[in-house]
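The primary structure of each chain is shown beneath.
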Amino acid sequence: HISAQLPSDQEDLIHKAVGWMLREVGKRNLVIEVAFLKVHYQKMPRTMLGYAIEKFSKVERQKYLSGKCNYPHDEVEDILDLKGNFHTSDIATHSY
């Protein structure tokens, strides 16, 4: 939840740290990272988003950076509630 609160922070180092953390989450569970990005990527500072999507394919990175990302992961909807919150019970079951 703290990641959702920090995009408005003015410190570049905070943007880098949150982006790095999101990238690390994606290494363990890509669906969780993509679910978070689905809700927040258009509001995230470019530095934060850049770090978060660093390991994505070039095509996917361009989609996120252009603000025109579609979401190919059907599982994303399954782990978000209507407000974009994660269902913690699903975190362990949706790993790659």
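None of the values given here were measured: they were computed from a predicted structure.

A. Seen up close, the overall build of the chain. Counting its secondary structure elements, the chain contains 7 helices and 0 strands. Helices (α) and strands (β) of the chain occur, in sequence order from the N terminus, as α-α-α-α-α-α-α. For the chain, the residues scored as buried account for 35% of the 96 residues in total. Summarising the internal contacts of the chain: among those between residues at least 6 apart in sequence, 54% fall at separations of at least 24. Accessible area for the chain stands at about 6,100 Å²; split by element, carbon and sulfur atoms hold 53% of it.

B. Representation of the side chain of Asn29 in the model. For Asn29, the location among the structural elements is in the loop between α2 (12–28) and α3 (30–40). Within the structure, Asn29 has its side chain in polar contact with the backbone nitrogen of Ile32 (distance 3.1 Å).

C. Looking closely at the environment of Ala17. Note that Ala17 resides in helix α2. For Ala17 and Ala52, which are 35 residues apart along the polypeptide, the C-alpha to C-alpha distance reads 9.6 Å.

D. Region of the structure containing the packing of aromatic side chains. Within this structure, the stated rule accounts for 2 aromatic pairs. Judged by centre distance (5.1 Å) and plane angle (80°), the ring pair of Tyr41 and Tyr64 falls under edge-to-face. In this pair, Tyr41 sits in the loop between α3 and α4 (46–52) while Tyr64 sits in helix α5 (residues 58–66), placing the two residues 23 residues apart along the sequence. Three or more aromatic residues joined by ring pairs form one cluster here, namely Tyr41, Phe56 and Tyr64.

E. Focus on the environment of Glu24. If you trace the backbone, Glu24 turns up in helix α2. Expressed as a C-alpha distance, the spacing of Glu24 and Tyr51, which sit 27 residues apart in the sequence, is 9.9 Å.

F. Spatial organisation of the pattern of salt bridges. This model, assessed by the stated rule, comprises 5 salt bridges. A salt bridge links Asp12 to Lys16; the shortest N-O distance between them is 3.5 Å. Here the residue Asp12 and the residue Lys16 both occupy positions in helix α2, the gap between them amounting to 4 residues, near one helical turn. The network of salt bridges with shared partners includes Arg23, Glu24, Lys27 and Glu54.

Procedures and definitions
- Residues numbered from 1 in each chain as written.
- Predicted model: local features only at pLDDT ≥ 70, side-chain atom pairs only at ≥ 80, totals over all residues.
- Heavy atoms only, no water.
- Helix = DSSP H or I, 4+ residues; strand = E, 2+ residues; numbered from the N terminus.
- Buried < 20%, exposed > 50% of the residue type's maximum accessible area, 1.4 Å probe, protein only.
- Contact = heavy atoms within 4.5 Å.
- Areas by Shrake-Rupley, 256 points an atom, 1.4 Å probe, with all protein chains shown as cover.
- Polar contact = N/O pair within 3.5 Å; in protein donor to acceptor, adjacent residues only side chain to side chain.
- Phe/Tyr/Trp six-rings, centres within 6.5 Å; stacked < 30°, edge-to-face > 60°.
- Salt bridge = Lys/Arg side-chain N within 4 Å of Asp/Glu carboxyl O.

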